[in-house]
Amino acid sequence: MRRMIAAVIATALATALPTLAAAALSGFYDSAERINTILASSDVANALRQAPVGAISNTGTRKDGASEWQVRTQECDLTVYLVPIPPEGTGKTTYRVEVPGTCE
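Not measured: the values here are computed from a predicted model. (Residues numbered from 1 in each chain as written. Predicted model: local features only at pLDDT ≥ 70, side-chain atom pairs only at ≥ 80, totals over all residues. Heavy atoms only, no water.)

## A few points about the overall build of the chain
Logical step 1: If you tally the helices and strands in the chain, you get three helices and four strands.
Logical step 2: Secondary structure elements in the chain, listed N-terminal to C-terminal, are α-α-α-β-β-β-β.
Logical step 3: Within the span of the chain, comprising 104 residues, buried residues form 22% of the whole.
Logical step 4: A sequence separation of at least 24 residues applies to 35% of the contacts in the chain between residues at least 6 apart.
Logical step 5: Of the accessible surface of the chain, which amounts to about 7,300 Å², a share of 57% is contributed by carbon and sulfur atoms. (Helix = DSSP H or I, 4+ residues; strand = E, 2+ residues; numbered from the N terminus. Buried < 20%, exposed > 50% of the residue type's maximum accessible area, 1.4 Å probe, protein only. Contact = heavy atoms within 4.5 Å. Areas by Shrake-Rupley, 256 points an atom, 1.4 Å probe, with all protein chains shown as cover.)

## Here's the deal with the side chain of Ser41
Logical step 1: With respect to the helices and strands, the residue Ser41 is situated in the loop between helix 2 (27-39) and helix 3 (42-47).
Logical step 2: Using a relative accessible area of 11% as the deciding quantity, one classes Ser41 as buried.
Logical step 3: One polar contact links the side chain of Ser41 to the main-chain amide nitrogen of Asp43, over a distance of 3.2 Å. (Polar contact = N/O pair within 3.5 Å; in protein donor to acceptor, adjacent residues only side chain to side chain.)

## With respect to a nonpolar patch on the surface
Logical step 1: Taken together, Leu25, Phe28 and Tyr29 make up a surface patch of nonpolar side chains, about 360 Å² in accessible area.
Logical step 2: Along the chain, Phe28 falls in helix 2.
Logical step 3: Phe28 gets classed as exposed once you look at its relative accessible area, which sits at 60%. (Patch = residues over 30% accessible without salt bridge, like charges linked within 9 Å, V, L, I, M, F, W, Y side chains within 5 Å. Salt bridge = Lys/Arg side-chain N within 4 Å of Asp/Glu carboxyl O.)

## Considerations on helix 2
Logical step 1: Over its 13 residues, helix 2 extends 18 Å from the first C-alpha to the last, a length consistent with the 18 Å expected when each residue adds 1.5 Å.
Logical step 2: Among all positions in helix 2, only Asp30, Glu33, Arg34, Thr37 and Ile38 are buried. What you see down the axis of helix 2 is that its buried residues fit within an arc of 135°, all on one side. Set apart from the buried face of helix 2 by more than 90 degrees, the exposed residues are Phe28, Tyr29 and Leu39.
Logical step 3: Contacts made by the buried residues of helix 2 are with helix 3, strand 1 (55-61), strand 2 (67-72), strand 3 (77-85) and strand 4 (94-98). (Expected span 1.5 Å × (residues − 1). Arc of directions from axis to C-beta.)

## What to know about the pairing of strand 1
Logical step 1: Relative to strand 2, strand 1 runs antiparallel, the two being bridged by six bridges. Considered in strand 2, the bridge of Asn58 is made with Trp69.
Logical step 2: Between strand 1 and strand 2, which follow one another and run antiparallel, lie five residues, and Gly65 among them has a positive phi close to 100°. (Pairing = 2+ DSSP bridges.)

## Some details on the packing of aromatic side chains
Logical step 1: The tally for this structure, following the rule as stated, stands at one aromatic pair.
Logical step 2: Arranged with centres 5.2 Å apart and planes meeting at 85°, the rings of Phe28 and Tyr29 form a pair that is edge-to-face.
Logical step 3: For Tyr29, a relative accessible area of 53% puts it in the exposed group.
Logical step 4: When the ring centre of Tyr81 is taken as reference, the NZ or CZ atom of Arg62 above it lies at 4.4 Å. (Phe/Tyr/Trp six-rings, centres within 6.5 Å; stacked < 30°, edge-to-face > 60°. Lys NZ or Arg CZ within 6 Å of the ring centre and 35° of its normal.)

This is a description of form; function is not addressed.
Spelled out as structure tokens, the structure:
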């Protein structure tokens, strides 16, 4: 009986561990997810007036946990916020962009 229980537990762990490991992204891939979210946003593109991007930098964290990013063009520094959207169950965190201003 003990061997059967041990076998069931071992099987459950063996199938669950790859899923749990896949759910956690490395810092590099999470940063890439965030930057891609910023670059794919039409709201960001419109706020920048379609100007070419010179740099994107993480500049801090808002009190509610949203990360603050600065998108720099030749004539403007635009602040945007990424609000984390945790997955339901296992999976990666995705992000929603908030663009509070525009380049004038």
